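Secondary and tertiary structure notes
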Amino acid sequence: MLLRSDKKRRFLALLLMSAGLGLLVGCSSKGSGDANQANQLAAADFAKQNGKVTLTFDSKGQWESISAIAMAAVSTNSAEGREQAVTIATLRARRNIAEFLSTDINSSRSLVVVSRTLQKANEKGTAESSAQPIALTDDEMGEIDKDIKNGTTQNTRTDDNSFTVANTVRERITSSSAAILKGVAVVAQDTSPDFKTVRVQVRGERRNIGVANTIRMDMAK
């Protein structure tokens, strides 16, 4: 019993520590405009069969989070039916992330999308500062697909530095793919007004990977 109590106290202490670190990260992100401009946050969406995957990263080549949204139909208008739909939607969202990490992240298209998003973030700086990361518009994504089709992706639309940083983002995500999948969790879910479908969002965050590993190692002692 004493051993279980000690483990529980260590577990709670680690949770409080991780929450404190999260507050510090949040406060530091609201620092001076110069700091935000030097490390602008960007986001890129990648369409998947059952939804989309969103990758957020910064202009220094570090990824911040990977999230996915998926939907599922509610078979029966009951608590059990909605619960089953949530489970299916969650599995689909997690599968989208798994496919992205195993295949899409290594594609030439993802490299171009990330690099051009980085370039746009650096060009905009903090002129349109907000809590939302900078992302490409639908027209800009269409230009990328057009360039890929014509074989002209590496042209003057993208600078060399953005390509280099995009490669760094890809390498860091690839090296952390196993830990990302373990750390993916449901962060939001909702039901349509007619109660016929549910939508689930799952997310894995870089800052939580180290904390999760520490908690698992401590609980195993």
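Summary of the structure given here. Just so we're clear, the structure is a prediction, and the values are computed from it rather than from any experiment. (Residues numbered from 1 in each chain as written. Predicted model: local features only at pLDDT ≥ 70, side-chain atom pairs only at ≥ 80, totals over all residues. Heavy atoms only, no water.)

1. Concerning the layout of surface pockets
If you add up the space inside the second largest pocket, you get close to 280 Å³. Considering the residues around the second largest pocket, the lining is formed by 17 residues, among which Ala43, Ala44, Asp45, Thr54 and Ala135 are closest to the centre. Residue assignment for the lining of the second largest pocket shows that the elements contributing at least two residues are β1 (41-48), α4 (108-124) and α5 (138-150). Per-element accounting of the lining of the second largest pocket gives the leading share, five residues, to β1. For the lining of the second largest pocket, the residue count by class is ten nonpolar, four polar and three charged. (1 Å grid on protein atoms, 1.4 Å probe; cavity = no way out; pocket = protein on both sides within 12 Å on 5 of 7 lines; lining within 4 Å. Points joined across faces, edges and corners; volume = space filled by probe spheres on them. Helix = DSSP H or I, 4+ residues; strand = E, 2+ residues; numbered from the N terminus. Nonpolar A, V, L, I, M, F, W, Y, C, P; charged D, E, K, R; others polar.)

2. Regarding the packing of aromatic side chains
A complete count under the given rule lists one aromatic pair for this structure. Geometrically, the ring pair formed by Phe46 and Phe100 is tilted, given 5.0 Å between the ring centres and 45° between the ring planes. Here the residue Phe46 occupies a position in strand β1, and Phe100 occupies one in helix α3 (residues 79-102), the gap between them amounting to 54 residues. Overall, the relative accessible area of 5% leaves Phe46 in the buried class. When its relative accessible area of 0% is taken as the criterion, Phe100 is described as buried. (Phe/Tyr/Trp six-rings, centres within 6.5 Å; stacked < 30°, edge-to-face > 60°. Buried < 20%, exposed > 50% of the residue type's maximum accessible area, 1.4 Å probe, protein only.)

3. Comments concerning the pairing of β1
Note that β1 and strand β2 (residues 51-58) share eight bridges and pair antiparallel. Following the sheet pairing, Leu41 is matched in β2 by Asp58. (Pairing = 2+ DSSP bridges.)

4. Concerning the side chain of Thr56
Along the polypeptide, Thr56 turns up in strand β2. Among the polar contacts listed, one links the side chain of Thr56 to the side chain of Ser65, at a separation of 2.6 Å. The residues touching Thr56, leaving out its near neighbours within four places in the chain, are Ala42, Ala43, Trp63, Glu64, Ser65 and Pro133. (Polar contact = N/O pair within 3.5 Å; in protein donor to acceptor, adjacent residues only side chain to side chain. Contact = heavy atoms within 4.5 Å.)

5. Brief notes about the sheet that holds strand β4 (residues 185-191)
Spatially, the five strands line up as an open sheet ordered β1-β2-β3-β5-β4, and their pairing is antiparallel. Each of the sheet's edge strands pairs with one partner strand only, and the pair in question is β1 and β4. Strand-to-strand, the axes of this sheet are offset by a mean angle of 15°, without reference to chain direction. Bridge count between strand β3 (residues 63-73) and strand β5 (residues 197-205): nine bridges; the pairing is antiparallel. In the strand pairing of β5, Ile69 is matched with Gln201. Along the sheet face, α3 touches β1, β2, β3, β4 and β5 and points at about 140° away from the line of β3. Along the sheet face, α4 touches β1 and β2 and points at about 150° away from the line of β1. (Axes fitted to C-alpha atoms, helices over the stretch in contact; angles between N-to-C directions.)

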